[in-house]
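Chain and residue survey
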Amino acid sequence: MITAERKPLAEIKAMLAPYRKILVVGCGTCVAECASGGEKEVGLLASALRMDAQIEGRTIEAHEMTIDRQCVYEFIDKLTEAVGRYDVILSLGCGAGVQAVAEVFPKTPVVPALNTTFIGETKESGLWVENCRACGDCKLGYFAGVCPVTRCAKGLFNGPCGGSKNGACEVDPDSPCAWQLIVERLDSAGRSDLLEAIYPPADWSKQQGKGPRKIVREDQRSES
Amino acid sequence: MKAESNLKNVLTQHNFAVTAECGPPKGADPVVIQKKGDILKGYVDSVNVTDNQTGVVRLSSMAACAILRQEGLDPVLQMVTRDRNRIALQSDVLGASSLGIRNILCLSGDHQSFGNQPQAKGVFDIDSIQFIQAVRRMRDEGLIIGGEKLSEPPRLFIGAVANPFADPFDYRVVRLGKKAAAGAEFIQTQCIYNLKRFAEWIRQVRDRGLDRKVYILGGVTPLKSARMAEYMSRQVAGMDVPDNIISRMKGVDPKDQRREGIAIAVETIMALKYMEGVHGVHIMAIEWEDVVPQIVEEAGLYPRPETSRE
Amino acid sequence: MDQISAGLNITIFFCRQLDINQDKNRRAIEKELGPRVRFFPLPCSGRIEPLHLLRAFESGADMVYLIACPEGACRYREGNLRAKKRVQYAQKLIEEIGLEGARIELINKTAAMPANIGAIAKELLARDAKVSTSAVRSK
Ligand code: SF4
Ligand code: SF4
């Protein structure tokens, strides 16, 4: 999933300063799973903004709406009827959601409430960890299912740096050294041959593309 | 005929090599480098220049190497993959060779979060092993990554680093094997304080026959004080300073601790000299370059062999 | 000065396990104080959501209590520990808008306290007021 964290309230307030009628829009998918942009968080943020305005003697209107996905137009459509009544959309979607909403409603300013952080997994409740940088050329098959691009702080493809100690990464001792994991798992899977092989330079053009990447699937497209 | 690497000559002529490290200043003054070069001249075969070590901005390694070269020393250009992508790295490899720099040490580098630019984007386009392989192909086949031909290949003696004290221990020698296979010709190791563990590692190296594929220079850093020993043991990633060294440093009066640190360094070098599979030492006297001549002399490694450089 | 004399509105969330007769036991005080005191029974204190706490302030509370079972004595094992973390989260959030975090207080019931929510509430209301009326409702 895509993970995100709420921006500090002060930053959100600064972006909203010119506006009075705010449509606070959540997303029911990734950011709901990571408890940053779902219905509950929309409620919390809207409530905090209303109280904050009241304390400062301003009147605002903060209306709450959460749609299933902010990155798919057919769901964004559900906002169409309401949008016209508001000065601004405060989106609690990920970066893709914010942009999709902005695309659909070019006349209404859209501001992000979240900092989109990474693609990750829910390790345990309340703990999310990054494990993919969407490099466009998945190499996990050679690294025992541990991504060296993401989980090694230096993105090393050919073994641990000189700082790996007791299973921890030298850069962040709270994180496991990806290479310790790769070595252990390849060993136990009987694939130490992969540990001896030199992995060639990555093709980052698959990640960087020529600007934004796109996927076109003719079989999925509608005729029109 | 253009000058060859002195380090390569010393090693191929079966001498026990001595290299030292020189850290460039945090400023544009060339005199600092010249002075360090003067101190080391005649006492070491080659001088490594660190590349923005620990992610701290310093005078460029390439420029410092060029200055040392003018002073008549044989520099080892350290290059990390942290700050440059493959375009910049390969370009600098060509540039170094054109300046008469004849040795290169390929590293990944310390993570930028440790230095004084923690907000910098870490590049890590390729890793140290991929870099070694690229330089080797540039030199031997005249080809850059992707296969395009160079008009003139670089002339470089190619080195890499190894840390026998990091984990996973048994993989360390596998990784050294990869570096050798990628094309490294000499290896400089992390500073050695734990001789026992180092001896165990070098045994594994010999078992794999790697000591016949690469020249191995053991790293030695003289301790300045008991405090430095404790700091290195606790705070520096990948460093193994055993308790007996710390207590030995603590056991002497603070004003004699430098002397003790030098003694430990000399003893370590003597031990390395007689260890099968070790071909030299690399002395990293951090901001203490002027102690190097004394250590070299006391270890019986002075004078340095004359090699025909031209 | 006690909290009622200080003019404070109090909201009390509490774990239903504390008092099986909670419905009956809070009736008298509700009648006496009307909307100035509001009770919200929860199946377990761990079910509290930061959003509940914020909504309480939005609807005019000055002080919000969450009464949980003693630590280690939660019927659902960890409910009251979770409650503690949720309270801390909500405290940080209200501090971001300039309300004192102390306006939310988690109380773990002790053996010394009565097993009657009405009586517990009385004791709470009689406490010295630590805060003044909230800026959310006073403007
Ligand atoms: S190799 Fe690439 S696609 Fe696969 S997990 Fe890592 S970053 Fe993601
Ligand atoms: S310690 Fe391990 S994870 Fe951290 S940078 Fe080094 S190799 Fe990568």
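Right above here is the structure, for reference.
Computed from a predicted structure; not experimentally measured.

On to the overall build of chain B, then. When helices and strands are counted, chain B shows 11 helices and eight strands. For 310 residues, the compact-globule estimate of 2.2 N^0.38 gives 19 Å, and chain B sits close to it at 19 Å. Reported as C-alpha extents along the three principal axes, the dimensions of chain B are approximately 60 × 45 × 45 Å. Per-residue burial for chain B yields a buried fraction of 61% across its 310 residues. Counting only contacts in chain B whose residues sit at least 6 apart along the sequence, the fraction spanning at least 24 positions is 79%. A total accessible area of about 12700 Å² is found for chain B, and carbon and sulfur atoms account for 49% of it. Positive and negative side-chain charges of chain B, numbering 40 and 38 respectively, have mean locations separated by a distance of 3 Å.

Residues and elements named next belong to chain A. Counting across every chain of the model gives 48 salt bridges over all chains. Among the ionic pairs, K7 bridges to E11, the shortest N-O distance being 2.8 Å. A salt bridge links K13 to E56; its shortest N-O distance comes to 2.8 Å. Of this pair, K13 sits in helix α1 (residues 9-16) while E56 sits in the loop between α3 (39-55) and β3 (61-67), placing them 43 residues apart in sequence. Of the residues examined, E56 reaches a relative accessible area of 42% and is grouped as partly exposed. One network of salt bridges, with partners in common, ties together K13, D52, E56 and R58.

What follows deals with the site of ligand 1. Around ligand 1, the surrounding shell consists of N131, C132, R133, A134, C135, C138, K139, L140, C147 and T150 of chain A. Here the residues of the shell around ligand 1 are counted per class, giving six nonpolar, two polar and two charged.

It is worth spelling out the sheet that holds strand β2 (residues 21-27) of chain A at this point. All names here are of chain A. Strands sit in the order β3-β2-β4-β5 across an open sheet of four strands; the sheet is parallel. With one partner strand each, in any of the chains shown, β3 and β5 (110-112) form the two edges of the open sheet. For this sheet the average axis-to-axis angle between neighbouring strands, irrespective of direction, equals 25 degrees. Pairing of β2 with strand β4 (residues 88-91) involves four bridges; the strand directions are parallel. For V24, the partnering residue across the bridge sits in β4 and is L90.

Before going further, it helps to examine helix α6 (residues 95-104) of chain A. Residue and element names in this part refer to chain A. Among the residues of α6, those classed as buried are G97, V98, A100 and V101. Down the axis of α6, the buried side of the element spans an arc of 165 degrees, and every buried residue falls inside it. Exposed residues pointing more than 90 degrees away from the buried face of α6 are listed as Q99 and E103. The inward-facing, buried residues of α6 abut α4 (73-76), β4 and β5.

Criteria and cut-off values
- Residues numbered from 1 in each chain as written.
- Chains lettered and ligands numbered in written order.
- Predicted model: local features only at pLDDT ≥ 70, side-chain atom pairs only at ≥ 80, totals over all residues.
- Heavy atoms only, no water.
- Helix = DSSP H or I, 4+ residues; strand = E, 2+ residues; numbered from the N terminus.
- Rg over C-alpha atoms; globule rule 2.2 N^0.38 Å.
- Buried < 20%, exposed > 50% of the residue type's maximum accessible area, 1.4 Å probe, protein only.
- Contact = heavy atoms within 4.5 Å.
- Areas by Shrake-Rupley, 256 points an atom, 1.4 Å probe, with all protein chains shown as cover.
- Lys, Arg positive; Asp, Glu negative; His and termini not counted.
- Charge placed at Lys NZ, Arg CZ, Asp CG, Glu CD.
- Salt bridge = Lys/Arg side-chain N within 4 Å of Asp/Glu carboxyl O.
- Near = heavy atom within 4 Å.
- Nonpolar A, V, L, I, M, F, W, Y, C, P; charged D, E, K, R; others polar.
- Pairing = 2+ DSSP bridges.
- Axes fitted to C-alpha atoms, helices over the stretch in contact; angles between N-to-C directions.
- Arc of directions from axis to C-beta.

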